[in-house]
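Spelled out from the first residue to the last, the chains are:
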Amino acid sequence: MKHFKTRLRILLSLILTFSLITSPVSAEMSDTTLNNLYDNRAFYYNPEGTVSSCVTGSTNLAGSNYEEWVWSGLISLGFNEIQTAGIMGNMARESNYLNPVQHEGTFQNRGWEITYNDTSISYGIGLIQWSFGRRVGLLHSINDNAPELLKYFQEVSTYSKGYTVDGAKFVELAGEDVAKQIYAFELDYLKTEAENSEKSGYDKFRNESSTVEEAAKSYRKYVERGGYTDTDRIKAAQDYYNKYSGQTFGSASGCVDSGSLQEFVLKYAWPTYHKAVFTERMPDYAAAISRRISEGKYVGGSVNGVAGIDCGGFVTTLLQESGFEPNYNNGKGPTDAQEDWVKSNGWTLLNSSSSSPIDSNILQPGDVAFMDGHTFVYVGDIDGFESKIASASYGNRSARAPMAGREDLVYSSKSEVIRWYRKGTNQGE
């Protein structure tokens, strides 16, 4: 075991050195972080850097303020709106309304060495007040991957100071760029826990979150695991849901996040093409379809009793579940209704006219194609995915589960011009 961890440390260091050589990142991981990653079977952690307009990576932050960043970030990780509201309702009570470096008041005078290394105390830090070994793991991960951010946790009197600095004040003090990096890092850490050491708790939370009230209660019960009252958490969760449900967030420059969309493509669509009839679904897509049906969301048609074997159902599911466009096709309509929806919701036709062929060189991940009775999505270059588009098809003879598509980018098989639309940008940008 010791030799394996040594080899793992060398491998991780090489990966970090070569893939992040231009970033201010330490390539050497501490023993605490290495052991935590090994125990959770998470052998590579890479919170990607930030740009001024948006943050991309496992977590995609969009919007104009810190609450919108957290909401859109959780949506991009695959939580639905009810679950996201429940999580944020708990965060609001735990972190003094989304201060990502909030220290638990009782322990703020303990000193940094204890805060950073002592896994025996329940000292909470961050959005969900990670404590015990979870706190130490978070802080060591920050130090190992983005050490320049650690000072915002260390300078308690400036950035935490009892419970006098809320999320809005923290953004003002630290600046938007720094704040976005910390929010993205903590949500990435939350994702790592949800898929590994805390998976059981998150699975129970998802199963008991049919309403906002249930989501607030179950997140406190299974993830926070504290003996607190739920009233304020439920109220905060409901307030977030009322404020942001159905909302779509862009960025100041019109940046559109594609990282999460591509991640969900790999989860939902077969990476190679299969001839019709092919109705076997990727496991994650099958699970998403079952959940969406229970939530009353649009999944399109069924073929031989298999739901979600439908072009518009797949596009709707992918854009909503990835967080790329949570409100896409909120009228729950088929292909023609979806084209009407994009026209009415600020999407831009990339063709110079509806009858003019597209210059396919301008296409970007997330662009959506329409032709008579069919739609699909451009996904760009994805390692291990054999096409730049993903598509599905409905029909007894033409059925295809979501997969790497072979549709032409310019013309349909009937020589119809394919119409391409892009979310929230101007043509050619």
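None of these values were measured; they are calculated from a predicted model. (Residues numbered from 1 in each chain as written. Predicted model: local features only at pLDDT ≥ 70, side-chain atom pairs only at ≥ 80, totals over all residues. Heavy atoms only, no water.)

## Digging into the overall build of the protein
Inference 1: Counting its regular elements, the protein contains 17 helices and eight strands.
Inference 2: Burial analysis of the protein (429 residues in total) assigns 54% to the buried set.
Inference 3: For the protein, the share of sequence-separated contacts (at least 6 apart) that also reach a separation of at least 24 residues comes to 64%. (Helix = DSSP H or I, 4+ residues; strand = E, 2+ residues; numbered from the N terminus. Buried < 20%, exposed > 50% of the residue type's maximum accessible area, 1.4 Å probe, protein only. Contact = heavy atoms within 4.5 Å.)

## Quick look at the side chain of Arg419
Inference 1: Position of Arg419 among the secondary structure elements: in strand S8 (residues 419-422).
Inference 2: Polar side-chain contacts of Arg419 include one of 2.8 Å to the side chain of Glu339.
Inference 3: Only 3.1 Å separates the side chain of Arg419 from the side chain of Glu416, close enough to count as a polar contact.
Inference 4: Each residue touching Arg419, except ones within four places of it in the same chain, is listed here: Glu339, Leu349, Asn351, Ser354, Val368, Ala369, Phe370, Met371 and Asp372. (Polar contact = N/O pair within 3.5 Å; in protein donor to acceptor, adjacent residues only side chain to side chain.)

## A look at the sheet that holds strand S3 (residues 348-349)
Inference 1: If you trace the six strands from one edge of the open sheet to the other, you get S3-S8-S4-S5-S6-S7, paired in antiparallel fashion. Of all the strands in the sheet, the pair left with one neighbour each is S3 and strand S7 (400-404).
Inference 2: As defined by bridge partners, strand S6 (residues 389-393) adjoins S7 across three bridges and the pair is classed as antiparallel. Along S7, the bridge assignment pairs Ser393 with Arg400.
Inference 3: Sheet strands in contact with helix H16 (residues 311-321) are strand S4 (368-371), strand S5 (374-378), S6 and S7, and its direction is about 35° off that of S5.
Inference 4: Sheet contacts for helix H17 (residues 335-344): S4, S5 and S8; angle to S4, the most-contacted strand, approximately 130°. (Pairing = 2+ DSSP bridges. Axes fitted to C-alpha atoms, helices over the stretch in contact; angles between N-to-C directions.)

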